[in-house]
Amino acid sequence: MLRDITIGQYFPIESPIHRLDPRFKIMFTLAYIILVFFADSLPGYIAVAAFSFVVVRISKIKLSLILKSLKPLAVIIAVTAIINLFFTGGENILFRWKFIKITQTGIVSAVNMALRLIFLVTGSSLLTYTTSPIMLTGGIESLLSPFAKIGLPAHELAMMMTIALRFIPTLLEETEKIIMAQKARGADFESGNIFHRAKALIPILVPLFISSFRRADELATAMECRCYRGGKNRTSLKQLSICGSDWAALCCMLFFAAVIIAINILDVRLMGY
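Predicted model, so just to flag it, every value in this text is computed and none were measured.

## A closer look at the side chain of Ser-59
Alright, step 1. You can see Ser-59 is positioned in helix α2 (residues 42–59).
Alright, step 2. With a relative accessible area of 0%, Ser-59 lands in the buried category.
Alright, step 3. When neighbours within four sequence positions are excluded, Ser-59 is seen to be in contact with Ser-15, Ile-17, His-18, Leu-126 and Thr-130.

Dropping the structure here:
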């Protein structure tokens, strides 16, 4: 299961999406997330799915990899859908058993939430899949730089966010090694009730925390040895620049936003009639 978690990984593939300016990709991802919540009907979700599929194909990221990233979140998606299914009220009751009832509104809410989570994970994953940690740091820092005038540490925030994303695969790999080592010593993580399983995780969490603090200390020492002093008077080897493909991508994103908004307006008018 841990091997299926791919968030934070970067795949150096030559594609138009990889070549886009990281600032544009970050803004596109935020806009995509907002538009996913705007889509609340079948035509809207079809438009989001079609747009996501086209972007995945252009990025040359394998569709199986996207589906693999959704696998670890299947339980969270299912639990969220079930909660919305049974705890969303409505007048049109389709099933009732004691205090449990399923309404038409609950089914619609459960489907909407499940689809939104799937699309959100897909869009967020593409950002890290197609952007290197260095470029992602530069993009975040550039977007936050206007707030530095009011005292916001833009460079430090960008560095922390990028390092956190970068170390997710490392920590998952370390966790898997610790689990295999504990199983070799006879540890049992699968039998017993939920309390026994939670207690069995202690031999995993303790060495994982120790390893995390050790890696953080080694990283801090390495940065100090290279005379790292934050973003002040810092230069970059690769300067961010906007080219024609970025503007073309912006036009595509605006067209996608216009389609979602038009679908919502059409749905409202149809409901009015």
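## A closer look at the nonpolar core
Alright, step 1. Tyr-32, Val-48, Leu-126 and Phe-256 are the most contacted members of the largest nonpolar core, which has 26 residues in total.
Alright, step 2. Elements with a minimum of two residues in this core: α1 (22–38), α2, α3 (63–70), α5 (104–129) and α10 (244–272).
Alright, step 3. With 6 residues, the top contributor of residues to this core is α10.
Alright, step 4. Of all hydrophobic cores here, the second largest spans 6 residues; its members include Ala-81, Leu-85, Ile-102 and Ala-110.

## Some details on a nonpolar patch on the surface
Alright, step 1. On the surface, Val-75, Val-79, Ile-82, Ile-83, Phe-86 and Phe-87 cluster together to form a nonpolar patch covering roughly 600 Å² of accessible area.
Alright, step 2. Here Val-75 is to be found in helix α4 (residues 74–87).

## Notes on the state of the cysteines
Alright, step 1. Inspection of every chain in the model, using the stated rule, returns 0 disulfides.
Alright, step 2. Unpaired in this structure, Cys-251 has its nearest cysteine sulfur neighbour in Cys-252, at a distance of 6.9 Å.
Alright, step 3. Since its relative accessible area comes to 52%, Cys-251 is described here as exposed.

## Considerations on the environment of Ser-52
Alright, step 1. Topologically, Ser-52 is positioned in helix α2.
Alright, step 2. Ser-52 gets classed as buried once you look at its relative accessible area, which sits at 10%.
Alright, step 3. Separated by 74 residues in the primary sequence, Ser-52 and Leu-126 have C-alpha atoms spaced 9.7 Å apart.
Alright, step 4. Setting aside anything within four residues of it in sequence, one finds Ser-52 in contact with Tyr-32 and Phe-119.
Alright, step 5. For Ser-52, the side chain forms a polar contact with the side chain of Tyr-32, separated by 2.6 Å.
Alright, step 6. A distance of 2.8 Å separates the side chain of Ser-52 from the backbone oxygen of Val-48, its partner in a polar contact.

## Describing the packing of aromatic side chains
Alright, step 1. Under the definition given, this model contains 7 aromatic pairs.
Alright, step 2. Aromatic rings pair up to connect Phe-24, Phe-28 and Trp-247 into one cluster.

## Some remarks on the pattern of salt bridges
Alright, step 1. Taken as a whole and assessed by the stated rule, the structure comprises 4 salt bridges.
Alright, step 2. Note that Arg-23 is salt-bridged to Asp-21, the shortest N-O span being 2.9 Å. The same class applies to Arg-23 and to Asp-21, which are both buried.
Alright, step 3. Of the charged contacts, one joins Arg-215 and Glu-174 as a salt bridge, the two residues approaching to 3.0 Å between their closest N and O atoms. One end of the pair, Arg-215, is in helix α9 (residues 202–225); the other, Glu-174, is in helix α7 (residues 154–184), with 41 residues separating them in the sequence.
Alright, step 4. The exposure class of Glu-174 is buried, given its relative accessible area of 16%.

Cut-off values and rules
- Residues numbered from 1 in each chain as written.
- Predicted model: local features only at pLDDT ≥ 70, side-chain atom pairs only at ≥ 80, totals over all residues.
- Heavy atoms only, no water.
- Helix = DSSP H or I, 4+ residues; strand = E, 2+ residues; numbered from the N terminus.
- Buried < 20%, exposed > 50% of the residue type's maximum accessible area, 1.4 Å probe, protein only.
- Contact = heavy atoms within 4.5 Å.
- Core = buried A, V, L, I, M, F, W, Y, C linked by side-chain atoms within 4.5 Å.
- Patch = residues over 30% accessible without salt bridge, like charges linked within 9 Å, V, L, I, M, F, W, Y side chains within 5 Å.
- Areas by Shrake-Rupley, 256 points an atom, 1.4 Å probe, with all protein chains shown as cover.
- Salt bridge = Lys/Arg side-chain N within 4 Å of Asp/Glu carboxyl O.
- Disulfide = S-S within 2.5 Å.
- Polar contact = N/O pair within 3.5 Å; in protein donor to acceptor, adjacent residues only side chain to side chain.
- Phe/Tyr/Trp six-rings, centres within 6.5 Å; stacked < 30°, edge-to-face > 60°.

Note that all results are geometric; they support no functional claim without further evidence.
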